[in-house]
Amino acid sequence: MRALTWHGKHDVRVDTVPDPEIVNPRDAILKVTSTAICGSDLHLYDAVIPGLQSGDILGHEFMGEVVETGPDSTLRKGQRVVVPFTISCGACFFCQRQQYSACDNSNPVDNQDLTEPLYGHAMSGLFGYTHLTGGYPGGQAEYVRVPYSDVGPIVVPDGLEDDKVLFLSDILPTGWMAAENADIEEGDVVAVWGCGPVGLFAVQSALAMGAGKVIAIDEWPNRLDLARKLGAEVIDFKRTHVLEALMEMSGGIGPDAVIDAVGMEAHGFAPDTLLDNLKQRIGVGADSAHALREAILAVRKGGRISIPGVYGGFLDKFPLGAVMEKGVQIRTGQTHVQRYLKELLHKIGEGELDTTFLISHRLPLEEAARGYENFRFNQNDWTKVVLKTG
Amino acid sequence: MTGRHHRGSGSRGALLLLGAGLVAGYAGVSLWHQRDRNAVDRRPPDSAPGRTSRRSRGDDYAVTGRTVTIAAPRQEIYAFWRDFTNLPAFMRNVRDVTVAGDITRWVIPAPTGAVTVETRVVHDIEGEQIAWASTEESRIETRGKVRFRDAPAGRGTEVEALIAYVPPMGELGRWIAKTLGTEPAIQSRRDLKRLKMLFETGEIATNRNRKTD
Ligand SMILES: NC(=O)c1ccc[n+]([C@@H]2O[C@H](COP(=O)([O-])OP(=O)(O)OC[C@H]3O[C@@H](n4cnc5c(N)ncnc54)[C@H](O)[C@@H]3O)[C@@H](O)[C@H]2O)c1
Ligand SMILES: [Zn+2]
Ligand SMILES: [Zn+2]
C-alpha cells in the first residue's frame, strides 16, 4: 500500500510499504478514506519530539471502511468508522474512569520503558506518533491496523460525509476538552492562544459552553478571521501587546480562563522564545513555551488554565510563582477522545457544531508531503489539510 | 569587613584564621555526626518494601521486585500462575516450561544457547502466594515468590513478584544482562505488564503491522 512515512526533519515521503494484517484478536483493518495532518504532526515534522524511526508511518486523524476484523472485534465489514488517535483498551483502571489517553495497556511493554523514567509513568499508545507512545503505524496510509477495535472506533451514519465527522478523531474533541478543562461559567471571558485547528475548535466550544467573550490570539490574518467568524474577538500578537490588551479587554480583571492551544513550538519575537528555540535545536529537551508563559501571566487571580497544546520535555522560566500566588488551577492532557465521541457526533448530526469551516485544502494522499510543507510554512492560508485516498 | 590591611594586624589575622578553622572543624564534625545519624542502616525502619532501600544487600543475591494491579479476581490470576505451563504466554524470556512432579524446568534463551533452570515450589498458599527456589542441579541459583492481594476499592488484584538470584559472573554478568534487557528487574517488570494486558484485554499489545514483522 501507499503510506506517508517519516525520514527525518522536514523529510516525509509517500512510499510503498507492506499492507497491515490482523495481528491481535481485537484488531480491525480499515481502508482509509480520509485522513488529516495535525499540528501535532508538525512537532514530528520539525523533529522536536524524539523517538521516531526512519520509515515510520505517520497520521493519527483518520477514518475509513472496515475491511477485515479479528475474531474479537465487534465491527463488521463495510462499516464506516472514525478512529480516536488515542489507543485505549477499555478495561484498565484508567479506561474504566474514562481517562482513555492514560490507558495502561495500549503501549507495548518495551516502549513503556522509554517514558517511565522520563515522566514517572509510562504513556499509553497513540497512532502514528513517536515510539514513546508505542510507535504504532499511523493512518496517513491506504490501510491501517486498529487495535481494540471494539473500544475506539465510532460507527458513523452514511448520511454524514467524511469531512463532517473526520475531526472526531482528534481536534474536535480536543477543542471541546480544552474548553471543558477551562471550567467555563456563563458570561466568562476566555482567552485562547493559537488559531490553528485546535484553537479554533476551542473557541467554538467555549462559546457553546456559555462564555460571554472569547478572545483569540494569533498572528495570521486568515486564521484570526476564522476565529472572528465563529464569534471571537481577536488579537494579532505581532501588532498588539497581548497582556496589556487582555487586561483592557476584560475590564482590568484579566480573563477568567485561558487556553494554550499553541504548544511546544510557540513563535513570537521574544527573548524567551529565542532561548527556548536555541535549546530545542541543540536537543536538550526544552520546549518553547512563550504562549503558555503569557497565558499564565494573563489569567485573572483564581482563574483557570487549560493546556491542550502539546509539551514533551522540560520548561525553563516557568512562572510557577504566578500560578501559586494567584491561586490558579491548571488542567491539561492528551484528549480522552472516546469520552466525547457520542455527544459530539450527535451535535454534528444536529448541525450544532460546524466542523468543515477550517478545511483549506483537500489533497490526494500522494501529495501529502506538499501538505506538510505548506501546513508548516504557509500557516496563514493552509489552516487544515485533509488527505483523500483512492 | 572592609578588607583594609595595615601593619600590626598579623596577630588578629592569625586569630581570625584560628577562629575560622574552629568553625570549619566544628561544622565538619557536626556534618559527620549528621551523616552518621543519616546512615541508611541507622535509620528506623519505614513502611516501604526492603527492595526499595537505598542500601544494597550485603550478600551475593540481587533482589528485584515489582507490583502491578490487575483488574481481575485474585483466584483467577493465582490459578493461571500456578499452572506454570501458562507462564511462557507472558514471560518473554522463558522459552518453555515443563512440570514433572514437584520439579519445574524452565528453558531460558541465553547468548550462549539455552539455559535450563530447575525449581521446586517451596511454599504455596491457595490464592495468596507461590514461592519457589532453584534445586541443587540448577544452572542458575534463584528463588522467588509471587503474592496476590485484593486491591483496595475494587481495583482488582495486586500482584507482587519478588525474585532473588545470584547473577552469573556477579556484577559484570548483571551489567551485561541489563544492556541486553534480560536482567530480571527489567524482565519481571515487562512480564507483569504483559500478564496485566493478558488478563485485562485478552491480548498483548504490539505495534507490529503484520504477524511476521
Ligand atoms: N491535547 C491533545 O490531545 C492535542 C490534540 C491535538 C493537537 N494538540 C496540540 O495542539 C496544538 C495546536 O494544534 P493545531 O493543530 O491547532 O496546530 P497549528 O500549528 O496549526 O496551530 C498553532 C497556532 O498557534 C499559533 N501561535 C504560535 N505561537 C503563538 C503565540 N506565541 N501566541 C499565539 N499564537 C501562537 C500559530 O500561528 C498557529 O496558528 C499543538 O501543540 C498540537 O500538538 C493537542
Ligand atoms: Zn492530532
Ligand atoms: Zn486501558
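Residues numbered from 1 in each chain as written. Chains lettered and ligands numbered in written order. Predicted model: local features only at pLDDT ≥ 70, side-chain atom pairs only at ≥ 80, totals over all residues. Heavy atoms only, no water.

### Observations concerning the overall build of chain A
And then number 1: What chain A contains, in helices and strands, is 13 helices and 18 strands.
And then number 2: Summarising its shape, the C-alpha atoms of chain A cover approximately 60 × 50 × 40 Å along the three principal directions.
And then number 3: Counting only residues that meet the buried cut, chain A has 61% of its 390 residues in that class.
And then number 4: Of the contacts made within chain A by residues no fewer than 6 positions apart, 72% connect residues no fewer than 24 positions apart. (Helix = DSSP H or I, 4+ residues; strand = E, 2+ residues; numbered from the N terminus. Buried < 20%, exposed > 50% of the residue type's maximum accessible area, 1.4 Å probe, protein only. Contact = heavy atoms within 4.5 Å.)

### Side note on the coordination of the zinc ion (ligand 3)
Octahedral metals with six donors have ideal donor angles of 90 or 180 degrees. Tetrahedral metals with four donors have an ideal donor angle of 109.5 degrees.
Residue and element names in this part refer to chain A.
And then number 1: Every protein donor of the zinc ion (ligand 3) is accounted for by Cys 89 (SG), Cys 92 (SG), Cys 95 (SG) and Cys 103 (SG), and the metal-donor separations fall at 2.3 to 2.5 Å.
And then number 2: Classification of the site at the zinc ion (ligand 3) rests on its four donor atoms, whose angles at the metal span 101 to 117°, yielding the label tetrahedral.
And then number 3: If you list the donors of the zinc ion (ligand 3) from N- to C-terminus, the spacing comes out as C-x2-C-x2-C-x7-C. Both residues of the pair, Cys 89 and Cys 95, belong to the buried class. (Donors = N, O, S within 2.8 Å, 3.2 Å for Na, K, Ca; no water. Tetrahedral: all angles 85-135°; square planar, octahedral: opposite > 155°, others 65-115°.)

### As for the sheet that holds strand 14 (residues 257-260) of chain A
Strand pairing in a sheet takes place through backbone hydrogen bonds and is either antiparallel or parallel in direction.
Residue and element names in this part refer to chain A.
And then number 1: Across the sheet, which stays open at both edges, the six strands sit in the order 13-12-11-14-15-16 with parallel pairing between neighbours. The open sheet terminates on both sides in strands that have one partner only, identified here as strand 13 (233-236) and strand 16 (329-332). Here the average twist between neighbouring strands, direction ignored, is 20°.
And then number 2: Pairing of strand 11 (residues 189-193) with strand 12 (residues 213-218), which is carried by five bridges, proceeds in the parallel orientation. Counted as the bridge partner of Ala 191 is Ile 215 from strand 12. (Pairing = 2+ DSSP bridges. Axes fitted to C-alpha atoms, helices over the stretch in contact; angles between N-to-C directions.)

### What about the UniProt feature "domain: Alcohol dehydrogenase-like N-terminal" (unreviewed entry) in chain A?
And then number 1: The UniProt record annotates "domain: Alcohol dehydrogenase-like N-terminal" (unreviewed entry) at residues 25-153 of chain A.
And then number 2: Taken as a whole, residues 25-153 of chain A contains 17% helix and 26% strand, while its terminal C-alpha atoms sit 16 Å from one another. (UniProt positions renumbered as here; feature names shortened; annotations may be inferred.)

### Describing the environment of Gln 75 of chain B
Residues and elements named next belong to chain B.
And then number 1: Within the fold, Gln 75 resides in helix 2 (residues 74-82).
And then number 2: Separated by ten residues in sequence, Gln 75 and Thr 85 have C-alpha atoms that sit 17 Å apart.
And then number 3: Here Gln 75 is in contact with Glu 126 and Gly 127, once residues within four sequence places are set aside.

### A closer look at the site of ligand 1
All names here are of chain A.
And then number 1: The environment of ligand 1 is formed by 32 residues, the closest being Ser 40, Asp 218, Arg 223, His 267 and Pro 308.
And then number 2: Here Val 198 contributes a backbone N or O atom positioned 3.0 Å from an oxygen atom of ligand 1.
And then number 3: Residue Pro 308 places a main-chain N or O atom 2.8 Å away from a nitrogen atom belonging to ligand 1.
And then number 4: Considering ligand 1 on its own, with 860 Å² of exposed area, one finds that the protein chains cover 97% of that surface.
And then number 5: Secondary structure elements with two or more residues in the shell around ligand 1: helix 1 (39-45), helix 6 (197-208) and strand 12.
And then number 6: The greatest single-element share of the shell around ligand 1, amounting to four residues, is contributed by helix 1.
And then number 7: A class-by-class count of the residues in the shell around ligand 1 yields 15 nonpolar, 14 polar and three charged. (Near = heavy atom within 4 Å. Polar contact = N/O pair within 3.5 Å; in protein donor to acceptor, adjacent residues only side chain to side chain. Areas by Shrake-Rupley, 256 points an atom, 1.4 Å probe, with all protein chains shown as cover. Nonpolar A, V, L, I, M, F, W, Y, C, P; charged D, E, K, R; others polar.)

### Focus on the sheet that holds strand 2 (residues 11-16) of chain A
All names here are of chain A.
And then number 1: Across the sheet, three strands lie side by side as 2-1-4; this open sheet has antiparallel pairing. On the outer flanks of this sheet lie strand 2 and strand 4 (56-57), each paired with one strand and no other.
And then number 2: Pairing of strand 1 (residues 2-8) with strand 4, which is carried by two bridges, proceeds in the antiparallel orientation. Bridge pairing in strand 4 links Trp 6 to Asp 56.

### Digging into the domain arrangement of chain A
Residues and elements named next belong to chain A.
And then number 1: The assigned domain composition of chain A is domain 1 (2-170 + 335-388) and domain 2 (174-332).
And then number 2: The C-alpha-based centres of domain 1 and domain 2 are spaced at 25 Å.
And then number 3: Listed per partner, the contact involves 30 residues of domain 1 and 21 residues of domain 2.
And then number 4: Buried area between domain 1 and domain 2, summed over both chains or domains, comes out near 2,300 Å², and the portion from carbon and sulfur atoms is 61%.
And then number 5: Considering only the surface of domain 1 that becomes buried against domain 2, Phe 357, Gln 379 and Asn 380 emerge as the three largest contributors, covering 26% of it. (Domains from an automatic or database assignment. Buried area = accessible area lost by both parts, 1.4 Å probe.)

### A look at the UniProt feature "domain: Alcohol dehydrogenase-like C-terminal" (unreviewed entry) in chain A
And then number 1: Mapped onto this structure's residue numbering, the UniProt feature "domain: Alcohol dehydrogenase-like C-terminal" (unreviewed entry) falls at residues 197-264 of chain A.
And then number 2: Secondary structure content for residues 197-264 of chain A is 44% helix and 21% strand, and the end C-alpha separation is 16 Å.

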